[in-house]
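One-letter residues, chain by chain:
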Amino acid sequence: SNGTVMNLSWSSNDDWEFSLSLNQGVNPITLEAFDRQGNLLGTDSVQITRTGGLDIPTSSNLVVSEIYYNPPGQDESTEYIELLNIGGVNLDLGGTQFTDGIDFTFSAGTTLVSGERILIVANQASFEAAFGDGSTIAGEFENGTALSNDGELITIQSGAGGTVRSFVYSDDAP
């Protein structure tokens, strides 16, 4: 999607399939076929209309609303990232992942209601001890990752592989 090379699954010599998450409404799709040398063999365009109840995360419906990093003292375990659904439709976060900064992938079936927030935390027990247990927490940073105290690149990819957000945070004034 959006110029992205898609992974195909061949079921026979003539048949293939791939998975693609679609936004609500009409989705124009252009398929391009290339030979092994990279020569364009042909193109085809189709329009697929999605009428389902959940949307996929995009830059127009999902924002990073807060990054809590470099907390006071030496304990980094209360760090978190907060996401907010600013769209008018509930979001399917399943497969959405942080690919730069922290490591985290939302599990299948994770949804974010329109107007609601969800957190990814360094350590859930430490977070709840510091801030209470009233927040929706999707899970903890994975693979021993943490937010850099000096700032860093954060990238969020949708389950379909499209970039939702990519930005650098830091202590520098804007």
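The model shown is predicted, which means the values in this text are computed figures rather than measured ones. The written sequence of each chain sets the order in which its residues are numbered from 1. Local features in this predicted model are restricted to residues whose pLDDT is 70 or higher, and side-chain atom pairs enter the listing and the counts only when it is 80 or higher, whereas totals over whole chains, interfaces and linings include all residues. Side-chain calculation: all heavy atoms of the structure are included, whereas hydrogens and water are not.

S.K.: If you had to explain the overall build of the chain to someone new, which residues and values would you point to?
M.R.: Helix numbers and strand numbers start at the N terminus; a helix is a DSSP run of H or I with at least 4 residues, a strand a run of E with at least 2. Per the secondary structure count, the chain includes one helix and 14 strands. Principal-axis analysis of the C-alpha atoms gives the chain an extent of 60 × 35 × 35 Å. Partly exposed describes any residue whose relative accessible area lies between the buried limit of under 20% and the exposed limit of over 50%, with all areas from a 1.4 Å probe on protein chains only and scaled to the type maximum. Taking all 174 residues of the chain together, 29% fall into the buried category. Residues are treated as being in contact if the distance between any of their heavy atoms lies within 4.5 Å. Once local pairs closer than 6 in sequence are excluded, the contacts in the chain between residues at least 24 apart make up 49%. Taken as a whole, the chain presents about 10,300 Å² of accessible surface, with 44% of it coming from carbon and sulfur. Working definition of accessibility: Shrake-Rupley area with a 1.4 Å probe, residue cover restricted to the visible protein chains.

S.K.: With reference to specific residues and values, describe unusual backbone geometry.
M.R.: One non-glycine residue, Asn70, adopts positive backbone phi at about 50°. Turning to its location among the elements, Asn70 is positioned in the loop between strand S5 (62-68) and strand S6 (80-85). Judged by relative accessible area, Asn70 falls into the partly exposed class, the value being 36%. Here Asn143, not a glycine, exhibits a phi torsion of approximately 60°, which is positive. Looking at the secondary structure, you find Asn143 in the loop between strand S12 (137-140) and strand S13 (152-157).

S.K.: Quick one: what's the story with the nonpolar core, residue by residue and with numbers?
M.R.: Soluble globular proteins tend to bury their nonpolar side chains together. The term nonpolar core refers to a set of buried residues drawn from Ala, Val, Leu, Ile, Met, Phe, Trp, Tyr and Cys, joined through side-chain atoms within 4.5 Å. In terms of nonpolar packing, the biggest core is built from 19 residues, with Leu83, Phe98, Ile102, Phe106, Ile120 and Leu147 touching the most fellow members. Mapped onto this core, the elements with two or more residues apiece are S6, strand S11 (117-121), S13 and strand S14 (163-169). If near-sequence neighbours (up to four positions away) are discounted, Leu83 is found in contact with Leu62, Val63, Val64, Ser65, Phe98, Phe106, Leu112, Glu116, Arg117, Ile118, Ile120 and Ile156. Grouped together as the second largest cluster of nonpolar side chains are five residues, Tyr80, Leu119, Val121 and Phe127 included.

S.K.: So, the environment of Val113: which residues are in play, and what are the values?
M.R.: If you trace the backbone, Val113 turns up in the loop between strand S10 (111-112) and S11. The residues touching Val113, leaving out its near neighbours within four places in the chain, are Asn85 and Asn90.

S.K.: Can you tell me about the sheet that holds strand S8 (residues 97-100), naming the residues and giving the values?
M.R.: Two strands qualify as a pair provided DSSP detects at least 2 bridges between them. Read from one edge to the other, the open sheet built from four strands follows the order S9-S8-S13-S14, with strand pairing classed as antiparallel. The two strands at the open ends of the sheet, each matched to only one other strand, are strand S9 (104-105) and S14.

S.K.: Before we move on, could you go through the packing of aromatic side chains and cite the residues and values that matter?
M.R.: Only rings of Phe, Tyr and Trp enter the pairing, Trp through its six-membered ring, and a pair is recorded when the two centres are within 6.5 Å. The plane angle decides the type: under 30 degrees is stacked, over 60 is edge-to-face, the rest tilted. All chains considered together, the criterion is met by seven aromatic pairs. On the numbers, 5.2 Å between centres and 15° between planes, the contact of Tyr68 with Tyr80 is stacked. With Tyr68 in strand S5 and Tyr80 in strand S6, this pair connects stretches of sequence that are 12 residues apart. The exposure class of Tyr80 is buried, given its relative accessible area of 8%. Each ring, one from Tyr80 and one from Phe127, has its centre 5.3 Å from the other, and the planes form 85°; the classification is edge-to-face. Here Tyr80, found in strand S6, pairs with Phe127, found in helix H1 (residues 124-131); they are 47 residues apart in sequence, far enough to count as distant. Each member of the pair, Tyr80 as well as Phe127, is classed as buried. In this structure an aromatic cluster arises from ring pairing among Tyr68, Tyr80, Phe127 and Phe131.

S.K.: Quick rundown of the environment of Thr105? Include the residues and the values.
M.R.: Assignment of secondary structure puts Thr105 in strand S9. In the structure, Thr105 is positioned 35 residues away from Glu140 in sequence and 9.8 Å away in space, judged by C-alpha atoms. Thr105 has contacts with Gly95, Thr96, Gln97 and Glu142, leaving out every residue within four places of it along the chain.

S.K.: I'd like to hear about the pattern of salt bridges, residue by residue, with values.
M.R.: Any Lys or Arg side-chain nitrogen found within 4 Å of a carboxyl oxygen on Asp or Glu counts as a salt bridge. For the structure shown, the criterion picks out one salt bridge. Measuring nitrogen to oxygen at the nearest pair gives 3.1 Å for the salt bridge that ties Arg117 to Glu82. Here the residue Arg117 occupies a position in strand S11, and Glu82 occupies one in strand S6, the gap between them amounting to 35 residues. Judged by its relative accessible area of 41%, Arg117 is partly exposed.

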